[in-house]
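Residue strings, one per chain:
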Amino acid sequence: MFTGIVEETGAVLDVEETDDGVRLRLATTFDDLAVGDSVSVAGVCLTVEDFGERENADAVGDPDRWFSVFLAEETRERTYLGTLEHGDAVNLERAMPADGRFDGHVVQGHVDGTAEVLNVEEVGEDWRYTFSLPDDVARYVVAKGSITVDGISLTVADLEPDRFTVAIVPETHRLTTLSTTAVGDPVHLEVDVIAKYVERLVDQGGE
């Protein structure tokens, strides 16, 4: 489980095409990874296959470690991760430990859909981002409710039938890939899983 509180962004170091999918190597500062660990990569829960130290970081201050993850065909079909190229940045978050602090909301890392950035507006020191809202996830989104965008736990500020807007504080803008996200870019959406449980219970109650 994740919380949607992004810890850092990591650059794509290598993209390897295989017969079964795509393998990504990502830069990181995480020094406690182990094979089999779960990491949220742009909101997608992926498994660490390998990890190590970078021999030649590009510049002083660059992350000195790396880890690799594998994208199966289903992941490529449901997300945009298969289109990533060398140098692209992604939001990273390690799975929350059982005794960890819970700051965001329950995030599974199971992408419900891919949306598009429709508008980016700077308002004072804050930012407002508007995203498209796919029909198949719209019923799970409510004003002032939680939603995950590229792994970031956010609150829906405004909601329309085909779009929603979130307000971004300076720290979130600085720390995440939102600082380089532009109109037309794709983003991953994960709705609040509690909404799905409620829907399921209501459906069962009507049987």
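Scroll up to find the structure.
The notes below deal with the structure included here. Here the residue index of a chain counts from 1 through its sequence in written order. Thresholds applied to this predicted model are a pLDDT of at least 70 for local features of residues and 80 or more for the giving and counting of side-chain atom pairs; totals over whole chains, interfaces and linings are not thresholded and use all residues. Only heavy atoms go into the side-chain values, all of them from the structure, while hydrogens and water stay out.

### Focus on the pairing of strand β7 (residues 89-94)
To keep it simple, the criterion reads: For two strands to be treated as a pair, DSSP must find no fewer than two bridges joining them. Helix and strand definitions here come from DSSP, where helices need a minimum of 4 consecutive H or I residues and strands a minimum of 2 consecutive E residues; each element is numbered from the N-terminal end.
Sheet analysis places strand β1 (residues 8-17) next to β7, joined by 4 bridges and oriented antiparallel. What sits directly across from Gly-10, in β7, is Val-90. Bridge analysis of strand β3 (residues 38-41) against β7 gives 3 bridges, and the strand direction is antiparallel. Counted as the bridge partner of Ser-40 is Glu-93 from β7.

### Quick look at the sheet that holds strand β9 (residues 126-132)
To be explicit about the condition: Interaxial angles span 0 to 180 degrees and are taken between N-to-C directions of axes, which are lines fitted to C-alpha atoms, for helices over the stretch in contact.
Strand order in the closed barrel formed by 6 strands is β8-β9-β12-β11-β10-β13, with antiparallel pairing between adjacent strands. Averaged over all pairs of adjacent strands, the angle between their axes in this sheet comes to 45 degrees, without regard to strand direction. Pairing of strand β11 (residues 152-160) with strand β12 (residues 163-168), which is carried by 4 bridges, proceeds in the antiparallel orientation. Considered in β12, the bridge of Glu-160 is made with Arg-163.

### Describing the environment of Met-96
What counts, and what does not: Burial classes: relative accessible area under 20% of the type maximum marks a residue as buried, over 50% as exposed, and values in between as partly exposed (1.4 Å probe, protein chains only). Residue contacts are defined here by distance: any two heavy atoms, one from each residue, within 4.5 Å place the two residues in contact.
Along the chain, Met-96 falls in the loop between β7 and β8 (113-123). Looking at Met-96, the relative accessible area reads 22%, which means it is partly exposed. A sequence separation of 21 residues divides Met-96 from Val-117, and the C-alpha atoms of the two residues are 28 Å apart. Apart from residues no more than four positions distant in its own chain, Met-96 is found in contact with Met-1, Thr-3, Arg-101 and Phe-102.

### Brief notes about the pattern of salt bridges
Quick reminder of the rule: Throughout this description, the term salt bridge denotes a Lys or Arg side-chain nitrogen within 4 Å of a carboxyl oxygen of Asp or Glu.
By the definition in use, this model includes 9 salt bridges. Among the ionic pairs, Arg-23 bridges to Glu-16, the shortest N-O distance being 3.7 Å. Using a relative accessible area of 36% as the deciding quantity, one classes Glu-16 as partly exposed. The closest approach of N and O atoms between Arg-94 and Asp-32, which form a salt bridge, is 2.8 Å.

### What about the pairing of β8?
Two elements, β8 and strand β13 (residues 186-191), share 4 bridges in a ladder whose sense is antiparallel. Bridge pairing links Ala-115 to Val-187 in β13. When β8 meets β9, the two strands line up antiparallel, connected through 6 bridges. Pairing of Glu-121 across the sheet is with Arg-128, part of β9. In this structure, the hairpin formed by β8 and β9 is closed by a connection of 2 residues, where Gly-124 is found at a positive phi of approximately 65 degrees.

### Here we look at the sheet that holds strand β2 (residues 21-28)
By way of backbone hydrogen bonds, the strands of a sheet pair with one another, either parallel or antiparallel. Spatially, β4-β3-β7-β1-β2-β6-β5 is the arrangement adopted by the 7 strands of the open sheet, whose pairing is antiparallel. In the strand order of this sheet, the two ends are held by β4 (44-47) and β5 (50-53), each with one partner. Sheet twist, expressed as the average angle between the axes of neighbouring strands with direction ignored, equals 35 degrees. Sheet topology note: the β3/β4 ladder contains 4 bridges and is antiparallel. Each bridged residue has a counterpart across the sheet, and for Ser-40 the counterpart in β4 is Cys-45.

### Points about the side chain of Thr-148
Mapped onto the fold, Thr-148 is located in strand β10 (residues 146-149). Once residues within four sequence positions are removed from consideration, Thr-148 is found in contact with His-105, Val-107, His-188, Leu-189 and Glu-190.

### Notes on the nonpolar core
Under the convention used in this document: Among the buried residues, those of types Ala, Val, Leu, Ile, Met, Phe, Trp, Tyr and Cys that are joined through side-chain atoms within 4.5 Å form a nonpolar core.
Of all hydrophobic cores here, the largest spans 23 residues; its most connected members are Phe-131, Val-149 and Phe-164. Elements that contribute at least two residues to this core include exactly β8, β9, α2 (135-138), β10, β11, β12 and β13.

### Details of the environment of Thr-177
Relative to the helices and strands, Thr-177 is located in the loop between α3 (170-175) and β13. For the pair Thr-177 and Leu-201, spaced 24 residues apart in the sequence, the C-alpha separation amounts to 36 Å.

### Some words on the environment of Val-156
Mapped onto the secondary structure, Val-156 falls in strand β11. With 11 residues separating them along the chain, Val-156 and Gly-145 place their C-alpha atoms 5.6 Å apart. Contacts of Val-156, omitting those with residues within four sequence positions, involve Val-141, Val-142, Ala-143, Lys-144, Gly-145, Ile-147, Phe-164, Thr-165 and Val-166.

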